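Residue strings, one per chain:
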Protein chains: 2
Amino acid sequence: MKIVQNRSHRPKPRLSRFARNLLEEWRRLDLPTSEATIVVAVSGGADSAALLLALDEIIKQEKLRLKLVVAHLDHGLRTESRKDAKWVKSLAKDLGHDAASSRVELGQTSKRKPNLEQAARNARYEFLFKTATRKKSKLVLTAHTLDDQAETILLRLLRGSAAEGLAGTASVRELMPGSEIKLVRPLLGWARRDETVDYCQARSIEFRNDEMNNDETFSRVKVRKQLLPLMKSFNNRIVEALSRTAALLSEDAEALASQARVLLDLAGRKGDKNETELPSLNVSILLAAPGAVRRRVLRQWILQARGDLRRVERVHLLAVEKLIEGATGGRVAELPGGMKVTRNRGILELSGKKRLKKNPPTSKIPTL
Amino acid sequence: MKIVQNRSHRPKPRLSRFARNLLEEWRRLDLPTSEATIVVAVSGGADSAALLLALDEIIKQEKLRLKLVVAHLDHGLRTESRKDAKWVKSLAKDLGHDAASSRVELGQTSKRKPNLEQAARNARYEFLFKTATRKKSKLVLTAHTLDDQAETILLRLLRGSAAEGLAGTASVRELMPGSEIKLVRPLLGWARRDETVDYCQARSIEFRNDEMNNDETFSRVKVRKQLLPLMKSFNNRIVEALSRTAALLSEDAEALASQARVLLDLAGRKGDKNETELPSLNVSILLAAPGAVRRRVLRQWILQARGDLRRVERVHLLAVEKLIEGATGGRVAELPGGMKVTRNRGILELSGKKRLKKNPPTSKIPTL
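A brief structural summary. In this numbering scheme, every chain counts its residues from 1 along its sequence in written order. Think of it this way: whatever chain is written first is A, whatever ligand is written first is 1, and the rest follow in order. Where local features are concerned, this predicted model is filtered to residues with pLDDT of at least 70; where side-chain atom pairs are given and counted, the filter is 80 or more; whole-chain, interface and lining totals use all residues. Working from all heavy atoms in the structure, the side-chain values ignore hydrogens and water.

## Let's talk about the overall build of chain A
What counts as a helix is a DSSP run of H or I of at least four residues, what counts as a strand is a run of E of at least two, and both are numbered from the N terminus. Scanning chain A from terminus to terminus reveals twelve helices and ten strands. When each of the 368 residues of chain A is scored for burial, the buried share is 51%. Summarising the internal contacts of chain A: among those between residues at least 6 apart in sequence, 69% fall at separations of at least 24. As presented, chain A carries roughly 19,100 Å² of accessible surface, and 49% of it is formed by carbon and sulfur atoms. Between buried and exposed lies partly exposed: a residue is buried under 20% and exposed over 50% of the maximum accessible area for its type, with that area taken using a 1.4 Å probe on protein chains only. Note on contacts: a residue pair qualifies if any of its non-hydrogen atoms lie within 4.5 Å across the two residues. For every accessible area listed, the method is Shrake-Rupley and the probe measures 1.4 Å; residues are considered covered only by the protein chains on display.

Here is the structure:
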């Protein structure tokens with residue numbers, strides 16, 4: 001029998017409410033509680049500073065036995081960014097955690113905002129991936145909050161997304177497609193941005209402000225500064241309401257996707273073997289499925305054959321559905337990028353060149 | 001062989017684009033093309049005036065052989081409302097169609113906007129129901145547009161609705177629960193409000209303006225006047241985008257609801273017969289279902305036993321889910337209004353008093 005001794009005779013301070021909430025979410029997400037190295041992405045803003053401080057609080061009170069690596073990427077986009085990098089490094093040092101930082105020069109990239117946002121995101125995720133690999137960590141944390149989730153849902157809604165898009169961002173997913181390293185957002189499910197500010201202030205930490213967070217030519221900032229406040233005038237708890245909707249739609253999308261996978265397997269196996277290696281689908285099996293499932297089977301099928309769904313829009317799927325229903329409009333439906341779907345004796349076939357994958361498709365890079 | 005003669009030797013004018021679009025939707029919805037009496041709800045605003053004028057155009061060009069009844073309810077809420085009633089009656093007469101009108105005094109009702117809106121809606125649907133019954137019509141038309149659909153979706157989103165709510169309004173449904181009379185919205189799927197205005201102007205009809213459409217203390221008006229214009233500054237085709245989302249979520253909800261019905265049947269039949277007549281559910285069958293389907297089985301089950309889902313919130317369903325998962329929290333979950341769900345040897349049971357149905361639950365009255 002092993003006796004565990006209290007290392008100190010002083011009574012330990014209670015965990016702050018913010019840290020308690022984080023610990024609760026940590027357990028809910030079934031994250032490791034000991035012997036793991038965790039990479040925490042810290043920009044220096046209130047959200048990520050609060051995440052780091054709360055983890056630090058939990059670790060120092062020995063509720064979790066984890067090694068932290070504080071990761072910061074300087075995107076080289078703002079004059080202040082070198083100071084941010086220094087500030088994060090010094091916070092990590094003061095708290096006694098490892099730090100990893102790097103700098104890229106995105107200032108040279110396209111000035112078009114969407115491209116710039118995308119380039120910054122890609123650079124950040126690549127840096128986090130490299131850092132985690134180097135530090136032998138299987139877990140990367142980002143500090144996205146409930147407010148970020150609400151903004152994401154609205155941005156998707158503004159584009160007319162389906163359930164998958166409106167489901168928002170998942171709290172846990174692969175950092176890169178197929179990667180063993182997980183990306184976890186332990187604030188996403190519960191923390192309001194205001195709470196992160198309050199918590200930093202309670203800990204007397206003067207977090208950094210990113211002036212790009214105030215640039216309303218970025219759609220996300222405009223959602224934050226204009227759309228959400230207007231929606232709040234209808235419902236004071238709009239952020240929570242959006243997040244609830246996202247959680248429900250996420251469950252719906254998951255159930256329907258899993259049915260689609262079963263059906264794709266079923267419809268695929270019954271098809272003729274074809275020599276081009278592109279799978280074929282049995283039309284009568286598709287016909288028996290409800291529209292919502294059939295649409296997902298077709299998307300999964302095209303994704304398999306093509307490697308991505310870029311530029312595949314509702315109109316293309318509708319053309320394929322017309323083939324399935326045997327309605328007017330011929331026996332061929334064209335997909336963007338040169339592939340074709342043909343109906344032939346009760347079998348749907350995909351043909352045409354597969355796109356060469358030079359770069360990983362950007363649509364697979366996490367978008368938040 | 002029967003020879004059909006042209007009744008006139010003048011070439012017929014072509015149908016206007018608005019009327020052509022309406023006729024196309026009429027066919028898509030598989031509505032009757034002859035020998036039917038159709039009640040058209042006409043307030044006198046641009047939307048309903050355009051619907052009436054376009055139907056009139058189509059009938060006069062003999063593309064449809066239908067009898068119209070122009071129905072108008074004066075809600076007695078505005079000083080102008082008697083003039084509206086007179087205007088609608090005279091338009092119907094000029095066009096050569098039957099008219100049916102009535103007046104209620106809602107001015108006495110609660111001044112609280114939601115109650116007033118609800119009371120006006122109830123009075124209107126009751127009037128339409130009576131008119132259709134009296135005229136032996138199986139079809140009531142209202143002139144809701146794509147813009148109304150977008151507003152509905154946003155109002156639901158503001159409340160944090162699930163897919164069923166975000167699916168918006170259906171183009172065809174029962175006028176009242178269980179009724180043979182159908183409520184059809186033949187503009188909902190395609191017509192923008194601006195198009196109805198343009199079409200009325202092209203036909204030189206000076207439609208009426210309802211000043212309540214400008215009263216921003218009504219949430220719907222505030223959505224129309226503030227929220228949609230702001231969203232349009234992100235996406236010029238936001239109304240179409242919202243409508244597309246609604247159509248996709250509607251398909252999702254339908255697929256999941258139909259699975260839930262199958263599962264409810266399955267889980268119910270395997271349960272013990274119980275003498276209170278309230279059905280019981282087999283827990284292990286529920287456990288095997290994905291969350292999205294299980295949630296819908298529970299809602300359908302409670303709806304069956306209770307007659308409605310009023311005040312049944314996510315929190316109540318979560319409590320029942322905990323019973324199912326056998327997690328902490330005892331073996332009983334309370335529902336609002338006095339009913340209870342109990343888990344007993346692998347069976348979920350509902351007990352407690354059924355609510356007496358004095359009035360039909362307002363939640364079943366169409367909300368648009």
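## Section: the sheet that holds strand S9 (residues 340–344) of chain A
All names here are of chain A. The pairing criterion for strands is at least two bridges between them, as found by DSSP. What the four strands build is an open sheet, ordered S7-S10-S9-S8; its pairing is antiparallel. Strands at the two margins of the open sheet, each flanked by one partner only, are strand S7 (280–282) and strand S8 (332–334). Going from strand to strand, the sheet's axes swing by 20° on average, the running direction of each strand aside. As paired elements, S8 and S9 share three bridges and run antiparallel to each other. Bridging from a neighbouring strand, Ala333 pairs with Val341 of S9. Helix axes use the C-alpha atoms of the stretch in contact, all axes being lines fitted to C-alpha atoms, and the angles between their N-to-C directions lie in the range 0 to 180 degrees.

## Observations regarding the packing of aromatic side chains
Residue and element names in this part refer to chain A. The rule is short: rings of Phe, Tyr and Trp, with Trp giving its six-membered ring, pair when the centres are within 6.5 Å, and they are stacked under 30 degrees, edge-to-face over 60, tilted in between. Inspection of every chain in the model, using the stated rule, returns four aromatic pairs over all chains. Geometrically, the ring pair formed by Phe18 and Trp190 is tilted, given 5.1 Å between the ring centres and 55° between the ring planes. Highlighted residues: Phe18 in helix H1 (residues 17–28) and Trp190 in the loop between strand S6 (182–184) and helix H7 (193–202), separated in sequence by 172 residues. Pair check on accessibility: Phe18 and Trp190 agree, each one buried. On the basis of an interplanar angle of 15° and a centroid distance of 4.6 Å, the ring pair of Phe18 and Tyr199 is categorised as stacked. Taken together, the positions of Phe18 in helix H1 and Tyr199 in helix H7 put the pair 181 residues apart, joining distant regions of the chain.

## What to know about the packing of helix H2 (residues 46–60) of chain A against helix H3 (residues 81–95) of chain A
Residue and element names in this part refer to chain A. Close contact between H2 and H3 brings their axes to 11 Å; oriented N to C, the two are set at 10°. By the angle between their axes, H2 is roughly parallel relative to H3. Counting all contacts with H2, which are made through Ala49, Leu52, Leu53, Asp56 and Lys60, the residues of H3 involved are Trp87, Leu91 and Leu95. Side-chain classes are defined by residue name, with Ala, Val, Leu, Ile, Met, Phe, Trp, Tyr, Cys and Pro counting as nonpolar, Asp, Glu, Lys and Arg as charged, and the others, Gly among them, as polar. Residue composition of the contact of H2 with H3, by class: six nonpolar, no polar and two charged. Roughly parallel means an angle under 35 degrees; roughly antiparallel, over 145; roughly perpendicular, 65 to 115; everything else is oblique.

## Quick word on the interface of chain B and chain A
Many authors give the size of an interface as the accessible area that is lost as the parts come together. Facing the 37 residues of chain B at the interface are 37 residues of chain A. Surface buried jointly by chain B and chain A totals about 3,200 Å² across both partners, of which 67% is contributed by carbon and sulfur atoms. As a working definition, buried area equals the accessible area (1.4 Å probe) given up by two parts on being put together, with both sides summed. Among the residues of chain B in contact with chain A, Leu157, Leu158 and Phe234 of chain B are the three that bury the most area, contributing 20% of the side total. For this analysis, a salt bridge means a side-chain nitrogen from Lys or Arg found within 4 Å of a carboxyl oxygen belonging to Asp or Glu. Between chain B and chain A we count eight salt bridges in total. Distance and chemistry together define a polar contact, namely a pair of N or O atoms within 3.5 Å, with one atom able to donate a hydrogen and the other to accept it when in protein, and with adjacent residues in sequence counting only for side-chain atoms on both sides. Counting across the interface, chain B meets chain A through 19 residue pairs in polar contact (both at pLDDT 80 or more). Going through the elements one at a time, helix H5 (146–158), helix H6 (163–166), helix H8 (219–232), helix H9 (238–269) and helix H11 (291–306) of chain B are the ones with two or more residues in the side of chain B that touches chain A. In terms of residues, the side of chain B that touches chain A owes the most to one element, H9 of chain B, which gives twelve residues. Residue classes in the side of chain B that touches chain A are distributed as 20 nonpolar, nine polar and eight charged.

## Looking at helix H7 (residues 193–202) of chain B
All names here are of chain B. Within H7, burial applies to Arg193, Thr196, Tyr199 and Cys200. Buried residues in H7, looked at end-on, bunch into an arc of 120°, giving them a common side. Away from its buried face by more than 90 degrees, H7 exposes Asp194, Gln201 and Ala202. In the stretch just after H7, Ser204 is the one whose phi turns positive, near 60°. Here the arc refers to the directions that run from the helix axis out to each C-beta atom.

## Some remarks on the relation of the copies chain B and chain A
The copies were overlaid with a least-squares fit restricted to C-alpha atoms from residues scoring a pLDDT of at least 70 in each copy. Superposition of chain B onto chain A requires a rotation of 180° combined with a translation of 0.0 Å along the rotation axis, giving an RMSD of 0.1 Å. With respect to symmetry, the two chain copies, as superposed, fit the operation of a two-fold axis. A share of 100% of the interface residues of chain B reappears at the interface of chain A, consistent with the copies meeting face to face through the same patch.

## Structural notes on the packing of H5 of chain B against H8 of chain B
All names here are of chain B. Where H5 contacts H8, the axes come no closer than 10 Å and their chain directions differ by 95°. The angle between H5 and H8 falls in the class roughly perpendicular. Across the interface between the two elements, Asp148, Ala150, Glu151, Thr152, Leu154, Leu155 and Leu158 from H5 touch Ser219, Arg220, Val223, Arg224, Leu227, Leu228 and Met231 from H8. A breakdown of the residues in the contact of H5 with H8 according to their chemical character gives eight nonpolar, two polar and four charged.

## Observations regarding helix H1 (residues 17–28) of chain B
All names here are of chain B. Here H1 spans 16 Å end to end across twelve residues, near enough to the 16 Å set by a 1.5 Å rise per residue. Here the buried face of H1 lies against strand S1 (34–41), helix H2 (46–60), strand S2 (65–74), strand S4 (139–141) and H7. Looking one or two places after H1, you find Asp30, whose phi comes out positive at around 60°. Any helix carries an expected span of 1.5 Å times its number of residues minus one.

## Structural notes on the pattern of salt bridges
Scanning all chains against the criterion turns up 60 salt bridges over all chains. Between Glu251 of chain A and Arg295 of chain B there is a salt bridge, and its shortest N-O distance comes to 3.4 Å. With Glu251 of chain A in helix H9 (residues 238–269) and Arg295 of chain B in helix H11, the pair connects residues from two separate chains. Of the residues examined, Glu251 of chain A reaches a relative accessible area of 28% and is grouped as partly exposed. One salt bridge connects Asp98 of chain B with Lys135 of chain B, and the closest N-O pair in it is separated by 3.4 Å. On the criterion of sequence distance, the pair formed by Asp98 of chain B in strand S3 (residues 98–103) and Lys135 of chain B in the loop between helix H4 (113–134) and S4 is long-range, its members being 37 residues apart. Classification of Lys135 of chain B by relative accessible area gives partly exposed; the value is 25%. Members of the salt-bridge network, linked through shared partners, are Asp47, Asp148, Glu151, Arg193, Arg220 and Arg224 of chain A.

## Points about unusual backbone geometry
The backbone of Glu62 of chain A shows a phi angle near 60°, a positive value even though the residue is not glycine. You can see Glu62 of chain A is positioned in the loop between H2 and strand S2 (65–74).

## Points about the sheet that holds S6 of chain A
All names here are of chain A. Here six strands make up an open sheet; going across it, the order is S3-S2-S1-S4-S6-S5 and the pairing mixed. The open sheet is flanked by strand S3 (98–103) and strand S5 (172–174), the only strands paired with a single partner. Across the sheet, the mean angle from the axis of one strand to that of its neighbour is 25°, orientation sign disregarded. Across three bridges, S5 lies against S6 in antiparallel orientation. Note on S6: the bridge partner recorded for Val172 is Val184. Docked against the sheet, H2 engages strand S1 (34–41), S2 and strand S4 (139–141), running at close to 160° with respect to S2. Packed onto the sheet, H3 meets S2 and S3 and runs at close to 170° relative to S2.

## What to know about the pairing of S1 of chain A
All names here are of chain A. Among the eight residues of S1, six are classified as buried, and the element is accordingly described as predominantly covered. Sheet topology places S1 next to S2; seven bridges connect them, and they run parallel. Counted as the bridge partner of Ser34 is Arg65 from S2. Here is how to tell: hold the view so the strands point away, follow the path from the first strand over the helix to the second, and if it runs clockwise the crossover is right-handed. Chirality of the crossover, the property in question, places the unit of S1, H2 and S2 among those that are right-handed. Direction of pairing for S1 relative to S4: parallel, over a ladder of three bridges. In the sheet register, Val39 faces S4, and the bridge partner there is Val140.

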